[in-house]
Amino acid sequence: MRKRIPKIIVTGGAGFIGSAFVRLLLRGLSPKGSVPSIIVIDKLTYAGDLKRLEEEKGKFKFYKTDICNKKQLEAIFAKEKPDIVVHFAAESHVDRSINDATSFIETNIKGTQVIMDLSRKFGIDKFIFISTDEVYGEIASGKFNENSPIKPNSPYAASKAAADLLVQSYIRTYKIPALIIRPSNNYGPWQYPEKLVSLAILRIIEGKNVPVYGRGQNVREWLYVDDCARGILAVMNKGKIGQVYNLGSTCESRNIDTVKLLLKTLGVSLNRLEFVNDRLGHDLRYSLDSKKLNRKIGWKPTIKLTEGLKLTVEWSLKHQAWLKSKLKDINKLYK
Ligand code: NAD
Ligand code: TDX
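Section: a positive patch on the surface
Consideration 1: Taken together, the side chains of Lys240, Arg295, Lys296 and Lys300 define a basic patch exposed on the protein surface.
Consideration 2: Inspection of the secondary structure puts Lys300 in the loop between α9 (291-297) and α10 (305-318).

Regarding the site of ligand 1
Consideration 1: If you check the shell around ligand 1, you find 28 residues, and the closest are Asp42, Phe88, Ser92, Tyr156 and Lys160.
Consideration 2: Gly15 places a main-chain nitrogen or oxygen 3.0 Å from an oxygen atom of ligand 1.
Consideration 3: Contacts to ligand 1 include Thr107, whose side-chain N or O atom sits 3.0 Å from a nitrogen atom.
Consideration 4: Split into classes, the residues belonging to the shell around ligand 1 amount to 12 nonpolar, 12 polar and four charged.

Description of empty space enclosed by the protein
Consideration 1: Taken as a whole, this structure holds three cavities of 30 Å³ or more when the rule is applied.
Consideration 2: Considered as a void within the structure, the second largest cavity measures approximately 60 Å³ in volume.

What to know about the sheet that holds strand β4 (residues 84-87)
Consideration 1: Spatially, the seven strands line up as an open sheet ordered β3-β2-β1-β4-β5-β6-β11, and their pairing is parallel. A strand with exactly one partner marks an edge of an open sheet, and here the two such strands are β3 (61-64) and β11 (244-247). Each strand axis lies, on average, 15 degrees off the axis of its neighbour in the sheet, ignoring direction.
Consideration 2: In this sheet, strand β5 (residues 126-130) lies alongside β4 in parallel orientation, the contact comprising four bridges. What sits directly across from Val86, in β5, is Ile128.
Consideration 3: Contacts from helix α5 (residues 155-174) reach β5 and β6 (178-183) within the one sheet, and its direction differs from that of β6 by about 155 degrees.

Quick look at the side chain of Asp83
Consideration 1: Among the secondary structure elements, Asp83 is positioned in the loop between α2 (70-80) and β4.
Consideration 2: Judged by relative accessible area, which is 9%, Asp83 ranks as buried.
Consideration 3: In terms of polar contacts, Asp83 uses its side chain to reach the backbone amide nitrogen of Lys7, at 2.6 Å.

Notes on the nonpolar core
Consideration 1: By size, the foremost hydrophobic cluster in this structure holds 35 residues, and its most contacted members are Phe21, Val86, Ile232 and Met236.
Consideration 2: In contact with Val86, other than residues within four places in its own chain, are Ile8, Ile9, Val10, Thr11, Phe21, Ile128, Ile130, Ile232 and Met236.
Consideration 3: In terms of nonpolar packing, the next biggest core, distinct from the first, is built from 25 residues, Leu73, Ile115, Tyr170 and Ile171 among them.

Considerations on the site of ligand 2
Consideration 1: As a structural note, the neighbourhood of ligand 2 is formed by 23 residues, with Thr132, Glu134, Tyr156, Arg279 and His282 the closest of them.
Consideration 2: Taking 650 Å² as the accessible area of ligand 2 by itself, protein coverage stands at 95%.
Consideration 3: Among the secondary structure elements, those contributing two or more residues to the shell around ligand 2 are α3 (94-99), α6 (196-205) and β8 (210-213).
Consideration 4: In terms of residues, the shell around ligand 2 owes the most to one element, β8, which gives three residues.
Consideration 5: Of the residues belonging to the shell around ligand 2, the class tally is nine nonpolar, seven polar and seven charged.

Section: helix α8 (residues 255-266)
Consideration 1: Here α8 contains 12 residues, and its C-alpha end-to-end distance of 16 Å stays within 8% of the 16 Å for a straight helix at 1.5 Å per residue.
Consideration 2: When we look at burial in α8, the residues that qualify are Asn255, Ile256, Thr258, Val259, Leu262, Leu263 and Leu266. The arc enclosing the buried residues of α8, seen along the axis, measures out at 160 degrees, which places them on a common side.
Consideration 3: On its buried face, α8 is in contact with α6, β8, β9 (219-221), β12 (252-254), β13 (273-276) and α10.

Some words on the pairing of β5
Consideration 1: Within β5, five of the five residues are buried, which leaves the element mostly enclosed by the surrounding structure.
Consideration 2: Neither face of β5 is exposed, since Lys126, Ile128 and Ile130 on one face and Phe127 and Phe129 on the opposite face are all buried.
Consideration 3: For β5 and β6, the ladder comprises four bridges, and the chain directions are parallel. The residue of β6 that forms the bridge with Phe129 is Ile180.
Consideration 4: In this fold, the crossover linking β5 to β6 by way of α5 has right-handed handedness.

Definitions and cut-offs
Residues numbered from 1 in each chain as written. Chains lettered and ligands numbered in written order. Predicted model: local features only at pLDDT ≥ 70, side-chain atom pairs only at ≥ 80, totals over all residues. Heavy atoms only, no water. Patch = residues over 30% accessible without salt bridge, like charges linked within 9 Å, V, L, I, M, F, W, Y side chains within 5 Å. Areas by Shrake-Rupley, 256 points an atom, 1.4 Å probe, with all protein chains shown as cover. Salt bridge = Lys/Arg side-chain N within 4 Å of Asp/Glu carboxyl O. Lys, Arg positive; Asp, Glu negative; His and termini not counted. Charge placed at Lys NZ, Arg CZ, Asp CG, Glu CD. Helix = DSSP H or I, 4+ residues; strand = E, 2+ residues; numbered from the N terminus. Near = heavy atom within 4 Å. Polar contact = N/O pair within 3.5 Å; in protein donor to acceptor, adjacent residues only side chain to side chain. Nonpolar A, V, L, I, M, F, W, Y, C, P; charged D, E, K, R; others polar. 1 Å grid on protein atoms, 1.4 Å probe; cavity = no way out; pocket = protein on both sides within 12 Å on 5 of 7 lines; lining within 4 Å. Points joined across faces, edges and corners; volume = space filled by probe spheres on them. Pairing = 2+ DSSP bridges. Axes fitted to C-alpha atoms, helices over the stretch in contact; angles between N-to-C directions. Contact = heavy atoms within 4.5 Å. Buried < 20%, exposed > 50% of the residue type's maximum accessible area, 1.4 Å probe, protein only. Core = buried A, V, L, I, M, F, W, Y, C linked by side-chain atoms within 4.5 Å. Expected span 1.5 Å × (residues − 1). Arc of directions from axis to C-beta. Right-handed = clockwise from strand over helix to strand, strands pointing away.

Written out as structure tokens, the structure reads:
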């Protein structure tokens, strides 16, 4: 029999997108307008930070656990008996995967296997896997739809593609009630300042230049994080089991244009943009056809890039201390 208030496990809930999703759930936008019971599972790697959920303290349960640790996870599943699992936890940064793929293989592939095996064992109602647009590889023109071939290029993308395919295999083999969501590039408040938008803002706050790889011609489809969280919630509530949904904004922009727009928003000179060595194997362009999500689920993005960057800059200027607290780690990454 269905419980009135669903119990939802959110893996990676202390991360950038996971925490935005938890905040959204706590606002009572769950299936029947009730606030669900939320259990966050997160290892708190360099990227995880409970400060993102400080204002929600006491409204959710938290387990500091590695999703690869089957024993600990099994105890959590046995105790909590979740109805739904939304699986965000991952190593998420392409540049780090190029430096060393080890943790990407462990967390993104093995971790996904562990969490799916337990979801199967405990007979949950729904498993939502947060994949990525990067599983398709790059596309010079046109858009990827959900039937486009999986052809990842970076170690990060390959690890996510492996997990995505593993989820598909579990849907087919074990009839696990899973759905897959493939979002495009997110940006917004609380993003770890290793990714383009948040790093660029931090560099400007520090009085430094913004590094743009190659000649800045690579195109990304920018999705404001709250729009992404709303899209995931919509799929959780209305999506069809076994289906894959692209989640993109249509806000495509070359990196050079994105950074220029950001510098303008920050009110600083465009001379602060500095071309640096290109990323190895750098994907030229990502572009998603998200019509399936628009039409079947009724979700649409609400925040365009100009407005989203403005909101992100406003937030960042108010949260400079948090961004700066990551500087030591960032300077180690981008020596
Ligand atoms: P993030 O790096 O900000 O957060 C990841 C979270 O997972 C962190 O809180 C971290 O502590 C946790 N984590 C990492 N390894 C873990 C482990 N072994 N066990 C438990 N927890 C662990 O990432 P994000 O940007 O919020 O991305 C969330 C998900 O969305 C990821 O699966 C990512 O691949 C996917 N995604 C991200 C984007 C994007 O633009 N950021 C776009 C598409 C898809
Ligand atoms: O300093 C930089 N300069 C620069 O030009 C950085 C960090 C990035 N870039 C470029 C590389 C990309 O073309 O900007 C673009 C965006 O880079 P990232 O922010 O690192 O994101 P990307 O590599 O596109 O991957 C992101 O989108 C898909 C997320 O990190 C992934 O988790 C998600 O799956």
